[in-house]
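# Examination of the molecular architecture
Given next are the chains, with one letter for each unit.
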Amino acid sequence: MADTELIGNIARILDEAKTSNAAQHRKIKELKLLRSKAPSIPQFSAAFTKTLLPLFHIQKRSASTERVVRFVSSFATARDSDSAAISDEFLENFLKFLLIGAAAANKTARSRACQFISEIILNLPDDSEVSNEVWDEVIESMKLRVVDKVPLIRTFAVRALSRFINDAENNDILDLFLEVLPLEQNPEVRKTIVLSLPPLNATSQVIIDCTMDVNESVRKVAYFVIANKFPLQSLSIKLRTLILQRGLADRSPAVSKECLKLMTDQWLAKCCNGDPTELLKYLDVETYESVGESVMEALLKSGLVKLHEGESLQNYVLSAHDRTEGEPENCTPSIKLIEPEVALYWRTVCKHLQMEAQAKGSDAAAAVGVEAAVYAADASDSNDLLDRILPATVSDYIHLVKAHIDAGPNYHFTSRQLLLLGEVLDFSDATIRKVASSFVQDLLRRPIEYEVDDEGDKIIIGDGINLGGDRDWADAVARLARKVHAAAGEFEVILLGIVEELAQPCRERTADFMQWMHSLAVTGLLLENAKSFYSVQGRAIEPVELLQSLLLPAAKHVHLDVQRIAVRCLGLFGLLANKPSEELVKQLRLSFVKGPPPIRIVACKALIDLGMWHGPQEVDRAMGQNLSSLLREDKLHLSPVNFLDNAEDFNIELLDLLYSGLETNNCSNSLENSDGESVQAVLGEGFAKILLLSDKYPRIPCSFFPLLLAKLISLYFSNETKDLRRLKQCLSVFFEHYASLSANHKKYLSKAFIPAMRLMWPGINGNAGGSSVVVSNMRKRAVQASKFMLQMMQAPLYGKETTKEEENDNGGSPENLDGTPQPSVECGEEGLAIRIATEVLSFQAKKTPAEKSYVSALCRMLVALNFRLSEQGAIKLLKRLLNCLSESVLAEKDLTKELKQMSEHLNGLDRHPDQDLSEDEVKFIFGRLDLEPNLDLNVPAAVPQTPVPHSTRPTRSRRRERHEDVSSDEENSPTSAQSLARTNPVSVGPRSQRASKTAALTKITTARKPARIDEDDEGEDSESDVTSDDSDDSDQLSE
């Protein structure tokens, strides 16, 4: 009776506590008093847990239930000095009860027990005394729940273990968290794990990796943890820039706001005293300039950059009134050198003020009245502030830039920032423009920097292509020159004058290789920024003269660096010309074929650019002679160009030449330069662009696109290109979108399926095999490629992309549920299924081991395809093809079963099974697929089984003789693991089935213990067994 009364009192207190949080503190005191009056702590614990049992069966989470959980957890962890022993004993008994619930089979009970444990551990005071055995049991139990199948239970377990993760004796908890985090699928659990990780070197990279999580809340939590647990100084420069680069550019405004909060509240305010330049110093802006620009842009947009009075670039130039008394007025002002971070800071601030003034001015022009006056005042304030920041005069600006250029390479970054700062200056005055023009010409005439090695040879500093050895520097000079010479044609006139001056020693053949490179660098700058040859005609040097006297001779120079920059200029020259000239195209082709890898890479880029800009046929026409094309003869994949044969004639079309460069047997192709580029990577990127823009090149034969696609797929999965990271990255992005852009792309992919498989499968098309391990790996890669192509075929089209063929189809294309037209048969999986079935039937009955494995792999892909009810003609044709090809895989019972199920599925899809296709309809479907099979498809839907004759002696001897004839033919037939695929047409019909059954029965009757065959279905079983044994033997021989 006492227990019942105790349970009733506990229940009453719990009911009162669940109504509101305000009364919980008072109810805890009442429950403590009730516990103190209990006969014993075990008795109270038993009554308390019995009262809580209904809570372990409530699945729905409600506010009242959560209040009860928090109340019970607070009571269990409440510890008074007067009753410490009682509290600890009760807590230990309660934890033992919860451990039983945490191991329960019911997920609701496990979840509630883990929730109680996590709340108790998180609220437990440090002075609580619980036996080590109980804590060990709790920790081990929670470790098991971390991998529970219920996400909520995993979340509670992670929260519970987070209290012990910093203990030295519990290092296994941290290892467990780091192990399960990459594998966790639930975002809430990932978020809880990230919040639980301590600030250690082992966890910093893991948390930063979570800034790229697919879930927005996890990314936001990652930035929160970084802000609160990792000071700026504890992170490396690379990690700092990586955090800001990802966070400020995040697609989610909430995440980018959290990153901005990290940068401003923690890094800028606490570590840099609110000084943006100090923050830029922590980011190494010379290496990570783009990150520094993003940081300044975010700070300026947020209004967190405060310009103090007297801060400006004028402080770095000694003004006239600051000069000493005896110093002349026209002397060069003294310059205080600017640090890189300060230079970037002022450039971004000035650019922001200029854009702000322009925006306000535009708003003022569009508004009227008081609003226009307000906008105009804001624009005026921005312009006034900009004038106070910039150097007082253009001459001071030029002196400032020159001082930093003369200071050496340590101030190269600052010099470039100051050059870019020139875009905000005003050069409208003729006198100012004349001074600035003289400065720009000095920059263009500045010789190339070099070093002298131990042997006395000159080594160019920089990339050896762009002006100043740096593309960013050349771009800064070009932008300043464009700003100074903004009038139409003035920029080209200035640069042509410099080119003529620098090219004079080259034309006289008195220049060394550095003078050649300098003149070509300025020429490249001109060709990159000129819009057409119309603006340079009639100037200091004509385009034809520039080509004949400078570019072509430089491409034949003995120095390889001169050749490389000259070939680049030839490519730029060809893009500006209305039509490429014969000399230019011949030189680029010669450099591509005969040159060393660095020159071949540049020539390859130039040829691809010319082909895409002018069209491949226009580039071929420039050769002025008839060029052969293996592409048009459909033999391109059989006769690659040997680049190592200097005597070979390369009078082939451009696409043939470039395609031959993809061959992996050219050893120089697979070498990457310091920039990660290779000939194959450049060609892969170029051909990917051509495939994406195939509709723009109607004169390229359509047969080229599937062939090229098959080649790119084989390269993507080839083991020989695994180190070409640039090629892999480019193709991965290309394949992700190619098939979904257009139905025509799916058609090309369907046509490329079989050629790609033939290119990759060992023993087919003359592909070399090797050891059993090598052959197995090659087959695995080919199967992987086939699955990859199937995924591309099954990828849905983008909503706005429909082909004209589908829109103008005479019969009206069937539509999907969303109203978009479905792809036609040649663009869908039905066409691919017919191609695969036709390829399987192209092999003879007697196959090599390589051919058997190839056919088996194709059939396995066949059963994975999906079919549409709208394509009734293709379904009927596939039914007939399946009846023919089922014999090709009789040795594999599982595959035969799958093909049988596929046939039954097709029968179900056939709306009119009693109607058959006519020969004209069959030819029409094959014609749409560009297939010309010579197959005997006059096979009924269900072939009747041949009745087995009675087992008599004469019949047995006749069959034995037939078996000997067949064996003799098999012995005389050539077989090889590397033989070409059989292309002879196969006549498949009832006669071939009867012949195969006869051969199978003959083998059985000639065995040591001949089996007695009385029924037709037994004959079929015997045929399958015999074929399977024979196939297994041949496979063992191949291994």
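Below is a short write-up of the structure. (Residues numbered from 1 in each chain as written. Predicted model: local features only at pLDDT ≥ 70, side-chain atom pairs only at ≥ 80, totals over all residues. Heavy atoms only, no water.)

A few words now on the overall build of the protein chain. A count of helical and extended segments in the protein chain gives 44 helices and 2 strands. Going through the 1039 residues of the protein chain one by one, you find that 49% of them count as buried. Across the protein chain, contacts joining residues at least 24 apart in sequence account for 72% of those joining residues at least 6 apart. When the accessible area of the protein chain is evaluated, it comes to approximately 50900 Å², of which 50% is carbon and sulfur surface. (Helix = DSSP H or I, 4+ residues; strand = E, 2+ residues; numbered from the N terminus. Buried < 20%, exposed > 50% of the residue type's maximum accessible area, 1.4 Å probe, protein only. Contact = heavy atoms within 4.5 Å. Areas by Shrake-Rupley, 256 points an atom, 1.4 Å probe, with all protein chains shown as cover.)

Now for unusual backbone geometry. Phi angles above zero are rare outside glycine, and Asn273 is one such case at about 55°. Along the chain, Asn273 turns up in the loop between helix H14 (253-271) and helix H15 (276-281). Relative accessible area serves as the criterion here: at 72%, Asn273 is assigned to the exposed category. Here the phi dihedral of Asp284 falls at roughly 50°; this positive angle occurs in a residue that is not glycine. If you trace the backbone, Asp284 turns up in the loop between H15 and helix H16 (289-301). On the accessibility criterion, Asp284 (24% relative accessible area) is partly exposed.

Before going further, it helps to spend a moment on the nonpolar core. Membership of the largest hydrophobic core comes to 290 residues, with the highest contact counts inside it found for Phe44, Phe48, Phe592, Phe687 and Ile836. Here Phe687 is in contact with Leu655, Leu658, Tyr659, Leu662, Phe704, Leu708 and Leu712, once residues within four sequence places are set aside. (Core = buried A, V, L, I, M, F, W, Y, C linked by side-chain atoms within 4.5 Å.)

A few words now on the packing of helix H32 (residues 704-716) against helix H33 (residues 725-741). The contact between H32 and H33 brings their axes to 10 Å, and the two run at 130°. Regarding the angle of H32 to H33, the classification is oblique. The element H32 and its partner H33 pack so that their crossing is left-handed. Contacts between H32 and H33 involve Leu709, Leu712, Ile713, Leu715 and Tyr716 from the first element and Lys728, Leu731, Ser732, Phe734, Phe735 and Tyr738 from the second. (Axes fitted to C-alpha atoms, helices over the stretch in contact; angles between N-to-C directions. Parallel < 35°, antiparallel > 145°, perpendicular 65-115°, else oblique. Left-handed = near helix turned anticlockwise from the far one by under 90°.)

According to the stated counting rule, one finds 42 salt bridges in the structure shown. Across the pair Glu16 and Arg12 runs a salt bridge whose closest N-O atoms are separated by 3.6 Å. In this pair, Glu16 and Arg12 both sit in helix H1 (residues 2-17), 4 residues apart, roughly one turn of the helix. Owing to a relative accessible area of 39%, Arg12 belongs among the partly exposed residues under this scheme. (Salt bridge = Lys/Arg side-chain N within 4 Å of Asp/Glu carboxyl O.)

So, about the side chain of Thr211. Relative to the elements of secondary structure, Thr211 occurs in the loop between helix H11 (201-209) and helix H12 (216-229). Judged by relative accessible area, which is 1%, Thr211 ranks as buried. A polar atom in the side chain of Thr211 sits 2.4 Å from the backbone oxygen of Ile208. For Thr211, the residues in contact, after removing those within four places along its chain, are Arg219, Ala222, Tyr223, Ile226, Arg246 and Asp250. (Polar contact = N/O pair within 3.5 Å; in protein donor to acceptor, adjacent residues only side chain to side chain.)

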